[in-house]
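One letter stands for each residue in the lines below.
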Amino acid sequence: IKKITIAIDGFSSTGKSTIAKLIAKKYNYIYVDTGAMYRAVTLFAKQNNFVGKDFLEKDKLISKLKNVSLSFKFNEELGFAEMFLNDKNIEREIRSLEVSQLVSKVATISEVRKKLVAEQQNMGENSGIVMDGRDIGTVVFPNAELKLFMTASADKRATRRYKELIDRGDNVSFKDILFNVEERDRIDSTRKDSPLLKAEDAIEIDNSDMGIKEQFERICTLIDRKL
Ligand code: C5P
């Protein structure tokens, strides 16, 4: 059977990874969460004091990038791959609000992007991959057979993210989450290198008022047309 490359981009917390995981499972594709990779580099920068609320030691981080080794390991129980930084499982840590508040700053650095994009392109060398992020359809796989661009109102997105963090026991406020979602969109959309934008040939899906099942069915129809 024919296998394709599926690129999913869009704003923060639009449910890209939820849909991508379902697609990967149904079609037996590899799923790569590129946001996790930027989050992992951010955690590394935070651990080394290269980034904080009011500072970014860009050059120091760049000079240590060679010490950043990223890998995904599939967790059978969870049914998806978890992010490892230098062989340590960091899946939980990278989802914190603290990392979310620093990641877009780190993601503006071209050297960071260059390293991660190269790794992403390697992972997608063979088709049968679904990758989500901000620049997948525009930079990483400009020739992807199917490109999706997900949007939803900021309020809906913040509500989803808030619920996720509360459910796992984090002490966060809705106000902070909403601010973070909007702030990341702003930084991601206005950065010089690979800004978040809808690829010309991407199909936009606004899921503000759409359930997961409805979105999934719609996307499967789009995929099946390409096979
Ligand atoms: O997808 P997620 O929300 O986990 O991504 C976290 C951040 O990583 C984004 O807000 C963005 O700053 C950065 N990112 C990026 N390019 C990607 C994926 C994520 O710049 N392909």
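As recorded in an unreviewed UniProt entry, the protein chain goes by the name Cytidylate kinase, listed as coming from Polaribacter haliotis. Per UniProt, the comment on the protein chain under Sequence similarities (unreviewed entry) is "Belongs to the cytidylate kinase family. Type 1 subfamily." We quote the UniProt Subcellular location (unreviewed entry) comment for the protein chain here in full: "Cytoplasm".

**Student:** Help me understand the pairing of strand S6 (residues 80–85), please; the structure alone is not making it clear to me.
**Tutor:** It is a general feature of regular strands that their side chains alternate between the two faces of the sheet. Across six bridges, the pairing between strand S5 (residues 70–75) and S6 is antiparallel. Considered in S6, the bridge of Phe74 is made with Ala81. The hairpin formed by S5 and S6 contains four residues between the paired strands, and Gly79 there has a positive phi angle of roughly 85°. Once S6 ends, the chain turns through two residues before running back antiparallel as strand S7 (residues 88–89), passing Asn86 with a positive phi of about 45°.

**Student:** Would you mind going over the packing of helix H2 (residues 34–47) against helix H4 (residues 97–106) with me for this structure?
**Tutor:** Two packed helices can be described by the angle between their axes and the distance between those axes. Orientation of H2 relative to H4, taken along the N-to-C sense of each, is 100°, at an axis distance of 9 Å. Taken as axis vectors, H2 and H4 run roughly perpendicular relative to one another. Of H4, the residues touching H2 (which contributes Tyr38, Arg39, Val41, Thr42, Leu43, Ala45 and Lys46) are Val99, Leu102, Val103 and Val106. Among the residues forming the contact of H2 with H4, the class breakdown is eight nonpolar, one polar and two charged.

**Student:** What am I meant to see in the site of the ligand here?
**Tutor:** By nearness alone, 14 residues border the ligand, and Gly35, Tyr38, Ser104, Ala107 and Gly133 come closest of all. Sorting the residues of the shell around the ligand by element identifies H2, H4 and helix H8 (174–190) as the ones contributing at least two each. Element by element, the count of residues in the shell around the ligand is highest for H2, at four residues. Here the residues of the shell around the ligand sort into four nonpolar, five polar and five charged.

Scoring rules and cut-offs
Residues numbered from 1 in each chain as written. Predicted model: local features only at pLDDT ≥ 70, side-chain atom pairs only at ≥ 80, totals over all residues. UniProt positions renumbered as here; feature names shortened; annotations may be inferred. Pairing = 2+ DSSP bridges. Helix = DSSP H or I, 4+ residues; strand = E, 2+ residues; numbered from the N terminus. Axes fitted to C-alpha atoms, helices over the stretch in contact; angles between N-to-C directions. Parallel < 35°, antiparallel > 145°, perpendicular 65-115°, else oblique. Contact = placed C-beta atoms within 7 Å. Nonpolar A, V, L, I, M, F, W, Y, C, P; charged D, E, K, R; others polar. Near = placed C-beta within 6 Å.

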